[in-house]
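Observations on the three-dimensional arrangement
Single-letter residue listing:
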Amino acid sequence: MTTDSFTTPRDLLRYAVTRFNAAKLFFGHGSAEAFDEAAYLVLHTLKLPLDKLEPFLDAKLLHDEVLAVLAVIERRVTERVPAAYITNEAWLGSYNFYVDERVLVPRSFIAELIPNQFSPWVNDPDAVENVLELCTGSGCLAIMLADAFPNAVVDAVDISKDALAVAERNIRDYKLEGRVNPIESDLYENVPFKKYNLIVTNPPYVNAESMKKLPPEYLREPQIALAGGADGMDLVRKIVAGAAERLTPDGVLVVEIGNEREFAEAAFGHLGLTWLSTSAGDDQVFLLTADQLQ
């Protein structure tokens, strides 16, 4: 097949879907299926609005435009790299973040809970002054938390210098310097000792058996941000253990553990976990109050 075979986005879209399905790509970084990801990559590469595919389907493309899209399709298929690393952007709700191979592609279910300010467990969002986000990665949740709690300072912690460089870029893009503070730390180790109204974390939680079965796309991400030990709870145990002395008397801890509810219940069930509802069900994110942690 020559490049002359492609004259419109429709041609490229059809080709991309065929290639993606034949290659059995994995879609877990924002797109649900081959068509959605193909449409996103075609529109992004052509610098067209991401929500307006139909009007441009039969537009005539320049030769250089065709070559650019074909190169993106080829990279996605041959390198099995997540689309977000190709476009250097990822979306969480209405938020658009810069990402690259130094951080996980943002996909936290906590992002669904932030706009509601963790009601009813946080009684007065305006009274929230200090928020701690552990394992911040790209800084996406920290930025959303700063928006949701307008009077709060958010300390965004990660052990990875590389990840924090990405977070700093996103913090600058959202003009939140001074309100979101990136901190290089192994969990609480280098965090200023103060009381937080809210501690939020989407830590590495994939158990060892599941790590062995990850699709190639996940293997392109920083493995330190995924692997959680034998039962996935290695870092979660440390986070839960250290939260009590860091929370205000009415503070709460919110932890995402993905598909590891069984292991989380085994480790922390005696504390009385509250499971929060997300689009993936009631078993992805748990909450503990300061009282429960004492």
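Located above this text is the structure these notes cover.
The text that follows walks through the structure, step by step, so that each part is easy to find. None of these values were measured; they are calculated from a predicted model. (Residues numbered from 1 in each chain as written. Predicted model: local features only at pLDDT ≥ 70, side-chain atom pairs only at ≥ 80, totals over all residues. Heavy atoms only, no water.)

1. Overview of the side chain of His29
With respect to the helices and strands, the residue His29 is situated in the loop between helix 1 (9-23) and helix 2 (34-45). On the basis of relative accessibility, which here comes to 12%, the residue His29 falls in the buried class. For His29, the side chain forms a polar contact with the side chain of Glu221, separated by 3.2 Å. In this structure His29 touches Pro82, Val105, Arg107, Glu217, Tyr218 and Glu221, once residues within four positions along its chain are discounted. (Helix = DSSP H or I, 4+ residues; strand = E, 2+ residues; numbered from the N terminus. Buried < 20%, exposed > 50% of the residue type's maximum accessible area, 1.4 Å probe, protein only. Polar contact = N/O pair within 3.5 Å; in protein donor to acceptor, adjacent residues only side chain to side chain. Contact = heavy atoms within 4.5 Å.)

2. With respect to the pairing of strand 4 (residues 153-158)
Of all the six residues making up strand 4, five are buried; the element is thus mostly covered by neighbouring parts of the structure. The sheet contact formed by strand 3 (residues 130-134) and strand 4 spans five bridges and is parallel. Looking at strand 4, one finds that Leu132 is bridged to Asp155. Where the polypeptide runs from strand 3 across helix 6 (residues 140-148) and back to strand 4, its parallel neighbour, the crossover connection is right-handed. (Pairing = 2+ DSSP bridges. Right-handed = clockwise from strand over helix to strand, strands pointing away.)

3. Concerning the nonpolar core
Note on soluble globular proteins: their nonpolar side chains tend to be buried together. Residues Leu12 and Phe20 are the most contacted members of the largest nonpolar core, which totals 37 residues. Broken down by element, this core gets its largest block of residues, seven residues, from helix 2. Ile110, Ala142, Leu145 and Val254 belong to the second largest nonpolar core, which has 33 residues in total. (Core = buried A, V, L, I, M, F, W, Y, C linked by side-chain atoms within 4.5 Å.)

4. Here we look at the environment of Asn259
Along the chain, the position of Asn259 falls in the loop between strand 7 (247-256) and helix 11 (261-268). Residue Asn259 is classed as exposed on the basis of its relative accessible area, which comes to 71%. A distance of 3.3 Å separates a polar atom in the side chain of Asn259 from a polar atom in the side chain of Gln284.

5. Section: the pairing of strand 9 (residues 281-289)
Note that strand 7 and strand 9 share five bridges and pair antiparallel. Of the residues in strand 9, the one forming a bridge with Glu256 is Val285. Summarising the sheet, strand 8 (residues 274-278) and strand 9 pair through four bridges and their orientation is antiparallel. The residue bridging Thr278 from the neighbouring strand is Gly281, located in strand 9.

6. Let's talk about the packing of aromatic side chains
Applying the stated criterion across every chain, the model contains nine aromatic pairs. Geometrically, the ring pair formed by Tyr95 and Tyr174 is tilted, given 5.8 Å between the ring centres and 35 degrees between the ring planes. Of this pair, Tyr95 sits in strand 2 (residues 95-97) while Tyr174 is found in the loop between helix 7 (161-173) and strand 5 (180-184), placing the two residues 79 residues apart along the sequence. Using a relative accessible area of 17% as the deciding quantity, one classes Tyr95 as buried. With a centroid separation of 6.4 Å and an interplanar angle of 5 degrees, the aromatic rings of Phe118 and Phe149 are classed as stacked. Placement of the pair is Phe118 in the loop between helix 5 (110-113) and strand 3 and Phe149 in the loop between helix 6 and strand 4, with a sequence separation of 31 residues. (Phe/Tyr/Trp six-rings, centres within 6.5 Å; stacked < 30°, edge-to-face > 60°.)

7. A word on the sheet that holds strand 6 (residues 196-201)
Taking strand neighbours across the sheet as the criterion, the seven strands line up as 5-4-3-6-7-9-8 in an open arrangement whose pairing is mixed. Whereas interior strands pair on both sides, the edge strands pair on one side only; in this sheet they are strand 5 and strand 8. Across the sheet, the mean angle separating the axes of adjacent strands is 25 degrees when strand polarity is ignored. The sheet contact formed by strand 6 and strand 7 spans five bridges and is parallel. Across the sheet, the residue bridging to Val200 is Val254, located in strand 7. In the packing of helix 10 (residues 234-243) onto the sheet, contacts are made with strand 3, strand 6, strand 7 and strand 9, and the angle to strand 7 comes to roughly 170 degrees. Against the sheet, helix 11 touches strand 8 and strand 9, its axis set at about 25 degrees to strand 9. (Axes fitted to C-alpha atoms, helices over the stretch in contact; angles between N-to-C directions.)

8. Considering helix 1
Along its 15 residues, helix 1 runs 21 Å from first to last C-alpha, staying within 8% of the 21 Å computed at 1.5 Å per residue. On the buried face of helix 1, the contacting elements are helix 2 and helix 3 (63-79). Just beyond helix 1, the residue with positive phi is Lys24, at close to 55 degrees. (Expected span 1.5 Å × (residues − 1).)

9. Regarding the pattern of salt bridges
Summed over all chains, the structure comprises 17 salt bridges. Among the ionic pairs, Arg80 bridges to Glu217, the shortest N-O distance being 2.8 Å. Taken together, the residues Arg80 in the loop between helix 3 and helix 4 (83-87) and Glu217 in helix 9 (residues 216-219) connect sequence positions 137 residues apart. For the pair Arg80 and Glu217, one class covers both residues: buried. Residues Arg237 and Asp231 are paired through a salt bridge, measuring 2.5 Å at the closest nitrogen-oxygen approach. The network of salt bridges with common partners includes Glu37, Arg76, Arg80 and Glu217. (Salt bridge = Lys/Arg side-chain N within 4 Å of Asp/Glu carboxyl O.)

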